[in-house]
Structure formats: structure tokens, C-alpha cells
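# Coordinate inspection notes
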Amino acid sequence: MTNKHRLFYLIIIFPLMLLLSACHFQNKTEPARYSKTLYYDFHTRKLVRYNKTEQSGSFLSKNNNQFQYSVDFKNLFIDGNSLTNNFSLITLENNKVKKLATFPKNESLIPFGKKANKIYVIHSYYEADNNEIESKRRIAVYDMKSKKISDFKNTKGLSVAGAISSENVYYTVYHNKTRDFSLFEVDRNNLASVPVLVKSGLKDDNVLVYQDHVFYAEGKKLVSDNRSFTKKDDNFFYHNSLIQLYINDDNELSMKITNLKTNRTLVVNDFIGARIKGNMMKICLPGKVINHEL
């Protein structure tokens, strides 16, 4: 390369490449134009309706004990009431809630993963007086086609969180006597399989899976066999991103998104809610919406 060509590259081509690269990773921000648009608050586990005039969100249900537990981080939820123990499968269509199935009375299903038409849940049973029959709590799978709930019969214990890999279900169990947690794995394709202990003596119930690597909480970290991350209040993986929610120093709900391939991060404060479609997340903040690629 001649000095003349080198100078042309440094002055013209190189800055242009940087500009194009920046544009590729730039988030598109637009005004939050519409009231009544539904978003999801991953922290409270509730659907939120945006109010354009007040530039704020309000919970879709006015009942404090009504929650919408995300199944796939997109449009599928299990809607449930922690007092009445009435649970149902719902979806969002054009900002409206559509019920897909109703689960048996006095049984709660808390989802933690989905593969094809199967939803993996923590399945709890209750007496008519709302007391849980703790000995019956199990990891279970709900088949959306047959509408059948099937328990993994050997997953006894107070399971509190779960995650799925290509072959296994990972779940944490709380021990009342020692006040700690154990992490187990079970073959997700065999309802009669015997759980295998992965880790005991944990102080936190967190369990996540990314690219078939299982993460659990160790102190202030989420750790696996090949990497670790700083833990926040709420943590989950989606596509190529780690999404975390927490209360910041100004007592605002904040969200941090880390792209696990590029290590680029996005932090937003005063978070109202979000919707995911494909690999794009619409993030609703007061007066604006950010479109972010995950």
C-alpha cells in the first residue's frame, strides 16, 4: 500500500467502517405513542399496561396476588392467583389476553422452561383451606397438545426454581432444617428417572442454563463450568443475552442486558416493561420505547 493509499484509508475508509459498525449495534429509540399497550415486568412477574398521558405503567390485574409467569419470555404465560390457586395458560394477541387452558383447581404450575409443545413447571398441590400438601410437590411437564400434566415422580422435595437443557431438567430444592438449597438434575425425557445431586449447601435457589451449561449461585456470582457473571435480583438467558433486573441506588427498577458474544451491555433505568419478538426486545421507559437486538 502506497503512502497515498494508506492516507486515503485512514482518513476516509476507516472512519466509515467505524460508523457502519456503530450503526449496526445502535438501538432504535421511538416515542411511546400508544396507551394501553401491554408489556411484561420480569421483576414483578406481571403484565403492565402503558399509560401515555402519565408516562407510566399499571398492572393489568388489580389483584396483588395475581401473577403472570412467563413461559417463553415472549407471549405465553401461566396466569395464577396465590390465594385462590386458580391457574390457567394464557397468550397475548394484539394486546389482548386469550385463555388457552385452565388447570385443575388447587394446583399451581410455575413455569421455568419450554421445549416445543412441552412446558416444564413446578407443580404444587393444595388443600381446600389453601394449605399446601408439600409431600406432593414435584417437577412436572405440561403437554400443550394433549393438555396433560405429568409429574416426574421421583422429584420429591420443596423445589423452588428450575431450568432445562437439551437433555436434562435442573432444579433447586429448599431444605427447611439446614435452610439451604441443593441442585439436582433429571432426564427430561424420562418421568421415572432418578434425580442426580449436582451441588449441595447452596445459599441461593438460582439455576439457569445457557448453551447446555448449567449456572448456579455462588456468593454474588452466577457460575458454571466455563464462565461466571455478577448476580442481580432477577437473571435469565435469552438467545445470546443475559438479562438482569435489579433496584438501583435511586430506588428505580433497572435492567442490564449483556450480549454474551460481543460483551456489549445496555443498562436502562426506570424500567416499565418489555416485549420480545424474535431476537428483538421492545423496552418501555417513561415516554419512549427502545428496540434492542438480543
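See the structure above.
Residues numbered from 1 in each chain as written. Predicted model: local features only at pLDDT ≥ 70, side-chain atom pairs only at ≥ 80, totals over all residues. Heavy atoms only, no water.

### Considering the sheet that holds strand 12 (residues 148-151)
- Taken in spatial order, the four strands of this open sheet run 9-10-11-12, and their pairing is antiparallel. In this open sheet, the two strands that pair with only one neighbour each are strand 9 (107-115) and strand 12. Adjacent strand axes in the sheet meet at a mean angle of 30° when their direction is disregarded.
- Two elements, strand 10 (residues 118-125) and strand 11 (residues 138-143), share six bridges in a ladder whose sense is antiparallel. Looking across to strand 11, one finds that Ile 122 is bridged to Ile 139. (Pairing = 2+ DSSP bridges. Helix = DSSP H or I, 4+ residues; strand = E, 2+ residues; numbered from the N terminus. Axes fitted to C-alpha atoms, helices over the stretch in contact; angles between N-to-C directions.)

### Some remarks on the pattern of salt bridges
- All chains considered together, the criterion is met by four salt bridges.
- With its nearest N and O atoms 2.8 Å apart, the salt bridge here joins Arg 137 to Glu 132.
- The buried category is assigned to Arg 137, whose relative accessible area is 12%.
- Residue Glu 132 is classed as partly exposed on the basis of its relative accessible area of 22%.
- One salt bridge in this structure joins Lys 231 and Asp 204, with 2.6 Å as the shortest N-O distance. Placement of the pair is Lys 231 in the loop between strand 20 (228-230) and strand 21 (234-238) and Asp 204 in the loop between strand 16 (196-202) and strand 17 (207-210), with a sequence separation of 27 residues.
- On the accessibility criterion, Lys 231 (22% relative accessible area) is partly exposed. (Salt bridge = Lys/Arg side-chain N within 4 Å of Asp/Glu carboxyl O. Buried < 20%, exposed > 50% of the residue type's maximum accessible area, 1.4 Å probe, protein only.)

### Comments concerning the nonpolar core
- Judged by nonpolar contacts, the single largest core of 24 residues is most densely connected at Phe 42, Ile 243, Met 255, Phe 271, Met 281 and Ile 283.
- Residue assignment for this core shows that the elements contributing at least two residues are strand 2 (38-41), strand 7 (87-93), strand 21, strand 22 (241-247), strand 23 (253-259), strand 24 (265-268), strand 25 (273-277) and strand 26 (280-285). (Core = buried A, V, L, I, M, F, W, Y, C linked by side-chain atoms within 4.5 Å.)

### A look at the environment of His 123
- Among the secondary structure elements, His 123 is positioned in strand 10.
- Classification of His 123 by relative accessible area gives buried; the value is 2%.
- Sequence-wise, His 123 and Tyr 142 are 19 residues apart; in three dimensions their C-alpha atoms are separated by 9.8 Å.
- In this structure His 123 touches Glu 107, Ser 108, Leu 109, Lys 136, Arg 137, Arg 138, Ala 140, Ile 149 and Asp 151, once residues within four positions along its chain are discounted.
- Within polar-contact distance, the side chain of His 123 engages the side chain of Glu 107 at 2.7 Å. (Contact = heavy atoms within 4.5 Å. Polar contact = N/O pair within 3.5 Å; in protein donor to acceptor, adjacent residues only side chain to side chain.)

### A look at the packing of aromatic side chains
- For the structure on display, the rule yields 14 aromatic pairs.
- A ring pair is formed by Phe 103 and Tyr 142, whose centres lie 5.0 Å apart and whose planes are at 85°; its orientation type is edge-to-face. One end of the pair, Phe 103, is in the loop between strand 8 (96-102) and strand 9; the other, Tyr 142, is in strand 11, and 39 residues separate them in sequence.
- When its relative accessible area of 6% is taken as the criterion, Phe 103 is described as buried.
- Using a relative accessible area of 3% as the deciding quantity, one classes Tyr 142 as buried.
- Relative to Phe 237, the ring of Phe 215 has its centre 5.1 Å away and its plane inclined at 50°; by these criteria the two rings are tilted. Of this pair, Phe 215 sits in strand 18 (residues 213-218) while Phe 237 sits in strand 21; the two residues are 22 residues apart in sequence, bridging distant segments of the chain. (Phe/Tyr/Trp six-rings, centres within 6.5 Å; stacked < 30°, edge-to-face > 60°.)

### Some details on unusual backbone geometry
- The backbone phi angle of Arg 179 is positive, close to 55°, even though this residue is not glycine.
- As for its placement among the helices and strands, Arg 179 is situated in the loop between strand 14 (168-175) and strand 15 (180-187).
- In this structure Arg 179 comes out as exposed when scored by relative accessible area, which is 65%.
- Backbone geometry at Gln 211 places phi at a positive 50°, although glycine is not the residue there.
- Mapped onto the fold, Gln 211 is located in the loop between strand 17 and strand 18.

### What about the sheet that holds strand 13 (residues 158-164)?
- Here four strands make up an open sheet; going across it, the order is 13-14-15-16 and the pairing antiparallel. With partners counted over all chains shown, the strands left at the sheet margins are strand 13 and strand 16, one partner each. Between one strand axis and the next, the sheet turns by 20° as a mean value, whatever way the strands run.
- Bridging between strand 13 and strand 14 involves six bridges; their strand directions are antiparallel. Its bridge partner lying in strand 14, Gly 162 is registered against Tyr 171.

### Quick notes on the pairing of strand 5 (residues 66-70)
- Counted residue by residue, strand 5 has four buried out of five residues, so it is predominantly covered.
- With five bridges connecting them, strand 5 and strand 6 (residues 76-81) associate as antiparallel partners. Pairing of Tyr 69 across the sheet is with Ile 78, part of strand 6.
- Following strand 5, the chain reverses through five residues before pairing antiparallel with strand 6; Phe 73 in that reversal takes a positive phi of roughly 65°.

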